[in-house]
Amino acid sequence: MSDRALGRVFGLHVAVIAVLFAAQFVLPPYDHTNVARILVLSVYALGYNVLLGYTGLMSLGHAMFFAAGMYGAGLPVYYLGFGAPGALAMGILCGIVVAGLFGLMALRTSGVAFLIVSLMFAQAFYLASLYFNEITLGDQGLILSGKLAALEFGGTQVGFHEPALKYNGALLLFAVCLLGTLVLRLSPVGRVLIAIRENEERTRLLGYDSFRYKLLSLVVSGALAAAAGATYALLFSYVGSTFASILFSIYPLLWSLLGGIGTILGPLLGTAFMFYLVDLASGWTSAYLFVVGVALLVLVLWFPRGILGTVRARWLPWLP
Amino acid sequence: MSALLETRALSKRFGGLNAVHEVDLQVAPGEIRALIGPNGAGKTTLVGMICGRLAPTSGRIFHRGEEITSMPPWERLKRGIVYTFQVTSIFKGLSCYENVALPAQRKLMTGIAARVALAESAVATRVQAALDSVGLAAEAGKQADQLAYGHQRLLELAMALAADPQLLILDEPTQGLAEAEIAQLCDLVRTIARKATVLLIEHNMDVVLSLASRVTVMDAGSIVAEGTPAEIAGNPVVQKAYLGR
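Residues numbered from 1 in each chain as written. Chains lettered and ligands numbered in written order. Predicted model: local features only at pLDDT ≥ 70, side-chain atom pairs only at ≥ 80, totals over all residues.

Helix and strand counts for chain A stand at 14 helices and four strands. The C-alpha radius of gyration of chain A comes to 19 Å, within 12% of the 20 Å expected for a compact globule of 320 residues. Its C-alpha atoms give chain A principal-axis dimensions of roughly 55 × 45 × 45 Å. The proportion of buried residues among the 320 residues of chain A is 48%. (Helix = DSSP H or I, 4+ residues; strand = E, 2+ residues; numbered from the N terminus. Rg over C-alpha atoms; globule rule 2.2 N^0.38 Å. Buried ≥ 20, exposed ≤ 12 C-beta atoms within 10 Å, placed from the backbone.)

So, in C-alpha cells, the structure goes:
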C-alpha cells in the first residue's frame, strides 16, 4: 500500500476516534452510557472479527474469552483488592492463556468441527462458572462497586461511577484496539492471515506454517475479547455467568456479520446498530427479538456482506 | 555427480492403488528435467511428495544431500523447493499484487519487527519484478479472478518466481495457453533455468523437446525410461506407452 493510501486509511480511523471523543460533550446522558457500553462491546466484536473476518475461522465459543477477561479482572478486585490497571492486565492475561490452550487443542480441527469444538469448550467454561458459585456467585454475579479504588489523574480522584471515566475509559480501550487491529491487518502477518482465509493449503505451500498463524490470530482474538470483558467488569461494576453463556458467543458473530466481516470498522457499526435496534424495539414491544430477527433477515438476504462490506464493494474498495 | 534432488524407492498408495511405486529419481543441479507420461501415471503425485503436499507411504526424499522426507511444506519452500499447481490455485479474491506479495515477503519476514511492519517498498520491488517477468505488471491492481485463464496461469508462475525458487516444479504450465503464450512461457522457463533447476510436467511434446535437457517417462506409477529428448523420442517403449506412434 502506498504512503498516500496508508495516510487515508489511518486518517479515516483516527477521525472516527476523534468524532467519538467529541460526541461525549453533546450526547444526552442516556446515550452517553450506551455509547460507552457499545465501545467496550465493539472491542469484543473487533476481536471476533480478527478470527472470522481476517483468518476465516468461525467460533461459537468467544464468550469463554470475554468471560475469562471478566473473571480474570473481577475476581482479583473482589477478593484481593486489586486496582484497575492490575485487574485489567490480569483479565487480558487470562484471555491469552485460555485462548492459547484452547487453540493448541481446537485448531487441530477446522470448519464446522472447529465451530462445534469451540461451542463445547465455551459451554464447559460456562458450566464451570456456575459450578464454582461459592466464588463466582453464578448467575447472580459479583458487584464490584465500592471494591474498586478510584483512579488518580494529576491529584484528582475519579471514581468508577463517573460517566466521564466510563466513556473515556471505553474510548481509550477502543482506540488502542481499533488501531492495533488496523496495524495487524496491514502488516505482513495480516497478509498471511487473509491468505489462510482464502486458501490455507496454498499458503502452506508458499512457505507459511498456517497452524502458528491461526494460533496467533486466535490468541489476539481472545486477548481482545478478554480486554473487553475485563473493561466491562471494571467500568460497569458487574461480573456474572450470563456473560459466559452461549448468547454472548452469538452476539459478536451477529455484530460482525451486521457491520461487515473482514472490515475494521464493521464491528463498531454492527454493535451500535444492533444495540440501538434492541433498545428502540424493546420500547415498542416486548417481542423485540422479532424485530431484531427481521432486521437480520433483511441484512442476510440483501446485504450479505454487512453494512461496511456493502459500502466497500460498491463505493470504497480501499477500506481495510 | 551429486544430485540436487533424489528420491529413493518413493511410493504412494491410495487405498488399493499404487499411484507411485518405488520411484528412484535423480535431478542434477541446473537442468530442466521433463516428466512425461500418460494421465494417471503418477507424475503429479510424485511431485506432490517432493514439495510436501502429500506424505509418502514409503521411501525417502533428499534435497542437496539432506533428507527432507518428513519436512513440512513451508520448510521445503524455505529451501527453495517451489511448486506451481496443475489446476490454477491463486487467491482469486485478492489482487494480483497481493497474490505475489505473499511469497515475495516470505524471505523479508525475519524477526518480530519485520513481521509487524515491513518496508512495503522492499516487497513492492520484488512483486514488481515477478509480475514484470511474466508480463503482468500492468495487471497488478486487478483482482485475480478478473484475469483471463492464461493470465491466471502466468500469475501462478509469478507467485512461484517471487519465492526465489532453487528447484521450481511446474505442473503442466502450458495447459490452456494459446500458441503465442506458450512460446513466451518457454522463453521464461529458459530464463529461470539459468538460476534454478526446473522439474517440468508437460504433455505438449514440442515444449518438452525444445526445453528439456533430460526427460523422464512414467507409466502406471513407475519410471519406464529416461534419457535425452532425442533418445526418448526414439525409444520404442515410450512410443508405445505414451506417444502412441
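Glancing now at the overall build of chain B. Scanning chain B from terminus to terminus reveals 10 helices and 10 strands. Taken over the C-alpha atoms alone, chain B extends approximately 55 × 40 × 35 Å along its principal axes. Counting all 245 residues of chain B, 44% fall into the buried class. Pairs at least 24 residues apart make up 65% of the contacts formed inside chain B by residues separated by at least 6 positions. (Contact = placed C-beta atoms within 7 Å.)

Mean pLDDT for chain B: 89, with 96% of residues reaching 70 or above. Both scores are given for the predicted complex: the pTM is 0.90, the ipTM 0.85. (pLDDT = per-residue confidence, 0-100.)

Opposite the 26 residues of chain B that make contact, chain A presents 17 residues. Those elements that place two or more of their residues in the side of chain B that touches chain A are helix 2 (73-78), helix 3 (96-106) and helix 4 (111-116) of chain B. No other element matches the six residues that helix 3 of chain B contributes to the side of chain B that touches chain A. Within the side of chain B that touches chain A, the residues separate by chemical class into 17 nonpolar, three polar and six charged. (Nonpolar A, V, L, I, M, F, W, Y, C, P; charged D, E, K, R; others polar.)

Turning our eyes to something else, we now look at the sheet that holds strand 10 (residues 222-227) of chain B. Residues and elements named next belong to chain B. The strand order across the open sheet formed by six strands is 6-7-8-3-9-10, and the pairing between neighbours is mixed. Of all strands in the sheet, those with a lone pairing partner are strand 6 (81-84) and strand 10, marking the two edges. Each strand of the sheet is rotated relative to its neighbour by a mean of 20°, with strand direction disregarded. Strand direction decides the pairing type here: strand 3 (residues 32-36) and strand 9 (residues 214-219), joined by four bridges, are parallel. From the neighbouring strand, Leu-35 faces strand 9, where its bridge partner is Thr-216. Against the sheet, helix 1 (residues 43-51) makes contact with strand 3, strand 6, strand 7 (167-171), strand 8 (197-201) and strand 9, and its axis sits at roughly 150° relative to strand 7, the strand it touches most. Across the sheet, helix 7 (residues 179-193) lies against strand 3, strand 7 and strand 8, angled at about 145° from strand 8, the strand it touches most. (Pairing = 2+ DSSP bridges. Axes fitted to C-alpha atoms, helices over the stretch in contact; angles between N-to-C directions.)

Turning next to the environment of A:Leu178. Residues and elements named next belong to chain A. Position of Leu-178 among the secondary structure elements: in helix 7 (residues 163-186). For the pair Leu-178 and Met-90, spaced 88 residues apart in the sequence, the C-alpha separation amounts to 21 Å. Beyond its immediate stretch of four places on either side in the chain, Leu-178 contacts His-13, Ile-17, Leu-46 and Ile-264.

Let us now look at the domain arrangement of chain B. All names here are of chain B. In terms of domain boundaries, chain B breaks down into domain 1 (1-80 + 165-245) and domain 2 (91-162). If you average the C-alpha positions of domain 1 and of domain 2, the two centres end up 26 Å apart. Taken together, the nine residues of domain 1 in the interface contact nine residues of domain 2. It is helix 7 that contributes the most residues to the side of domain 1 that touches domain 2, three residues altogether. Across the side of domain 1 that touches domain 2, the residue classes break down as six nonpolar, two polar and one charged. (Domains from an automatic or database assignment.)

Residue and element names in this part refer to chain B. Judged by how many residues are buried, strand 3 sits mostly within the fold: five of five residues are covered. Of the strand pairs in this sheet, strand 3 and strand 8 are connected by four bridges, and their pairing is parallel. Counted as the bridge partner of Ala-34 is Leu-200 from strand 8.

Our focus in this paragraph is the sheet that holds strand 2 (residues 17-27) of chain B. The strand order across the open sheet formed by four strands is 2-1-4-5 (chain B), and the pairing between neighbours is antiparallel. Each edge of the open sheet carries a strand with a single partner, namely strand 2 and strand 5 (66-67) of chain B.

Time to look at the nonpolar core. Counting residues in hydrophobic clusters, the biggest one holds 169 residues, and the most contacted among them are A:Phe66, B:Val100 and B:Ala158. Element by element, the count of residues in this core is highest for helix 2 (residues 29-55) of chain A, at 15 residues. Lining this core are residues from two domains, each supplying at least three of them: domain 1 (1-80 + 165-245) and domain 2 (91-162) of chain B. In this structure B:Val100 touches B:Val127, B:Ala130, B:Leu131, B:Ala158, B:Met159 and B:Ala162, once residues within four positions along its chain are discounted. (Core = buried A, V, L, I, M, F, W, Y, C linked by C-beta atoms within 7 Å.)

Our focus in this paragraph is the packing of helix 1 (residues 3-23) of chain A against helix 7 of chain A. Residue and element names in this part refer to chain A. Between helix 1 and helix 7, the shortest axis-to-axis distance is 11 Å and the interhelical angle comes to 175°. The orientation of helix 1 relative to helix 7 falls into the category roughly antiparallel. Side by side, helix 1 and helix 7 meet where His-13, Ile-17, Leu-20 and Phe-21 of the first sit next to Leu-171, Ala-175, Leu-178, Leu-179 and Leu-182 of the second. Looking at the contact of helix 1 with helix 7 residue by residue, the class counts come to eight nonpolar, one polar and no charged. (Parallel < 35°, antiparallel > 145°, perpendicular 65-115°, else oblique.)

Another aspect to go through is the environment of B:Ser210. By the secondary structure assignment, B:Ser210 is in helix 8 (residues 205-211). When the C-alpha positions of B:Ser210 and B:Cys186 are compared, they lie 8.4 Å apart, and in sequence the two are 24 residues distant.

Further remarks concern the confidence of the model for chain A. With 99% of its residues at a pLDDT of 70 or more, chain A has an overall mean of 92. Averaged pLDDT values over the elements of chain A bottom out at 83 in strand 2 (residues 151-153) of chain A and peak at 97 in helix 10 (residues 210-236) of chain A.

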